[in-house]
Amino acid sequence: MAPTRRPSDGLLARVNFPLYAIEMLTSRHVLVAGGGGSAKTGVANGFEIYEIYHNGTHFCAEEVVRHETGANVVMNFAVRNDGRRSYLCAGQESHCQLYFVNPRIVYEGQEDASTGAEEKRSKGNGATDHGNENGLHRRAAAAGPQGSGVQDLPNGHAMGAAKKTSDLNANLKRIKFDIKAGDSVQTDFLTTEPLQRVVRISPNGRLMATGGTDGHLRVWSFPQMVQYNDVSAHSKEIDDLDFSPDSKYVVTISKDGQGLVWDLASMKQHHQLKWATPEGSKYLYKRCRYGTIEAQRDKYRLFSITNPLGKVGKQRGFLQQWDCISGQLRSAVQIDESLASLAVRDDGRFVAVGTMFTGSVSIYIAFSLQRVLHIPNAHSMFVTGLQFLPITNEEGPPISSDTEAAVLSISVDNKVCIHSLQQRRTIPAWVAIILIIVVLFGAFAFCSYVGI
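Residues numbered from 1 in each chain as written. Predicted model: local features only at pLDDT ≥ 70, side-chain atom pairs only at ≥ 80, totals over all residues. Heavy atoms only, no water.

## Digging into the pairing of strand 23 (residues 350-355)
Of all the 6 residues making up strand 23, 6 are buried; the element is thus mostly covered by neighbouring parts of the structure. Strand direction decides the pairing type here: strand 22 (residues 339-344) and strand 23, joined by 5 bridges, are antiparallel. Across the sheet, residue Val344 finds its bridge partner in strand 23, namely Val351. Hairpin connection of strand 22 to strand 23: 5 residues between the antiparallel strands, including Gly348 at a positive phi of 75 degrees. With 5 bridges joining them, strand 23 and strand 24 (residues 361-365) adopt antiparallel strand pairing. Looking at strand 24, one finds that Val351 is bridged to Tyr364. Taking the residues between adjacent antiparallel strands as the criterion, strand 23 and strand 24 are bridged by 5 residues, where Gly359 takes a positive phi near 70 degrees. (Buried < 20%, exposed > 50% of the residue type's maximum accessible area, 1.4 Å probe, protein only. Helix = DSSP H or I, 4+ residues; strand = E, 2+ residues; numbered from the N terminus. Pairing = 2+ DSSP bridges.)

This is the structure in structure tokens:
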């Protein structure tokens, strides 16, 4: 039976606009995006960056940056971190907008002063405090005896303690981000209402691929965003695509019912994803993601989720695992409703899916597709995005916690949630050795007693 929700799981943050996309910016910072669209509904468009950390008991989130994008809702994006700064490619209608996300170090005291000045300017301009609206957790800096919780003592030690605490906070370093817009290129050319549906950056950081309503797979140099290949890949809009971990292939799925793998060197079709659907019913691929095979970084698998087309009785969605050499379906697990989102952890060990109607989230072991965690009704609406907390340290140390895996989820219900799988307890090595010795000694004594 899968473990139930832990008390520390659940809501991390709430924003004031619907969320459509999520991705890790660094090993500790997550970026979420969305909005209310171009209509003047009063709902903002843009993205927010949160710092995720574990306080020893549960995960917490703190808002770091909020960036509004005017009338352009961000429906999809991709992130690339080169160690010095991050590149953000955001889908805005028919275009892909490049942003430069530059980290900078801010000392706690300096941050407090600048934040205070900014709040004064905002109040003077009639702006709202989005942090209070969102109900975000903020780490409070000591602000004197009341803030520090130190009692006033007759000998004045409290004042000294408060001053010492304030001095310590003044030396604390924090990471902030400066966001600057770069180039914008048109990536979809449908004659009526063109829309970029997906953008991905290759693992080697040299290529960017886009897909949209015109069904074309376009490959661009990155970060220059100069197009060098355009393939009429599908007869209908592309729903999702992904690069293989070795950056040699790209897979595309579309509303035309096809899943195709393309060789990036020749830009020719490598193979097609085919499987025997239940009772011959029509199914559509919804999402696709590559994942490395654990402890074999040069090998990888392909995962997809697929849903039945139309009303087909009791048939439900599938989580599927594909052989990347032959293109054959290796294994699949049926899920009791249609699926909306998919994520694979950076080491390839776990896969997560989010559902369409109940807003549930589940984690599976990648090689066996065995479910190890199920969170029913994690959101009030369908899950629009999932992202595992990373365990590698390419962009800094990962978040330390007592969990085996943790996945972030977003929805159009404006929530950012986290769901964690408890660390499975194992017997310490020294205990195992003692048990072996005891068993061997017991067996030897028994044999001696019976004269064997």
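Read on for the rest.
## Some remarks on the sheet that holds strand 1 (residues 10-14)
Ordered by their spatial adjacency, 4 strands build an open sheet running 1-28-27-26, and the pairing between neighbours is antiparallel. The open sheet terminates on both sides in strands that have one partner only, identified here as strand 1 and strand 26 (383-388). On average, each strand axis in the sheet is tilted by 25 degrees relative to the strand beside it, whichever way the strands run. (Axes fitted to C-alpha atoms, helices over the stretch in contact; angles between N-to-C directions.)

## Let's talk about the pattern of salt bridges
The full count for this structure, using the stated rule, is 18 salt bridges. Across the salt bridge formed by Glu51 and Arg174, the nearest N and O atoms sit 3.7 Å from each other. Within this pair, whereas Glu51 is found in strand 4 (residues 45-54), its partner Arg174 is found in strand 9 (residues 173-186), the two being separated by 123 residues in sequence. Since its relative accessible area comes to 8%, Arg174 is described here as buried. Two residues, Glu294 and Arg349, come together in a salt bridge whose shortest N-O distance is 3.9 Å. Of this pair, Glu294 sits in the loop between strand 18 (283-293) and strand 19 (296-308) while Arg349 sits in the loop between strand 22 and strand 23, and the two are 55 residues apart along the sequence. Given the relative accessible area of 39%, Glu294 is considered partly exposed. Accessibility expressed as a relative area gives 28% for Arg349, which makes it partly exposed. Here the salt bridges do not stand alone but share partners, grouping Arg197, Glu237, Asp239 and Lys255 into one network. (Salt bridge = Lys/Arg side-chain N within 4 Å of Asp/Glu carboxyl O.)

## Looking at the environment of Asp188
By the element assignment, Asp188 lies in the loop between strand 9 and strand 10 (196-201). Residue class for Asp188 comes out buried when judged on its relative accessible area of 0%. Considering only alpha carbons, one finds Asp188 and Gly211, 23 residues apart in sequence, at a separation of 7.3 Å. Those residues within four positions of Asp188 in sequence are excluded, and the remaining contacts are Ser94, Pro194, Leu195, Gln196, Gly212, Thr213, Asp214 and Arg218. At 3.0 Å, the side chain of Asp188 forms a polar contact with the backbone nitrogen of Asp214. (Contact = heavy atoms within 4.5 Å. Polar contact = N/O pair within 3.5 Å; in protein donor to acceptor, adjacent residues only side chain to side chain.)

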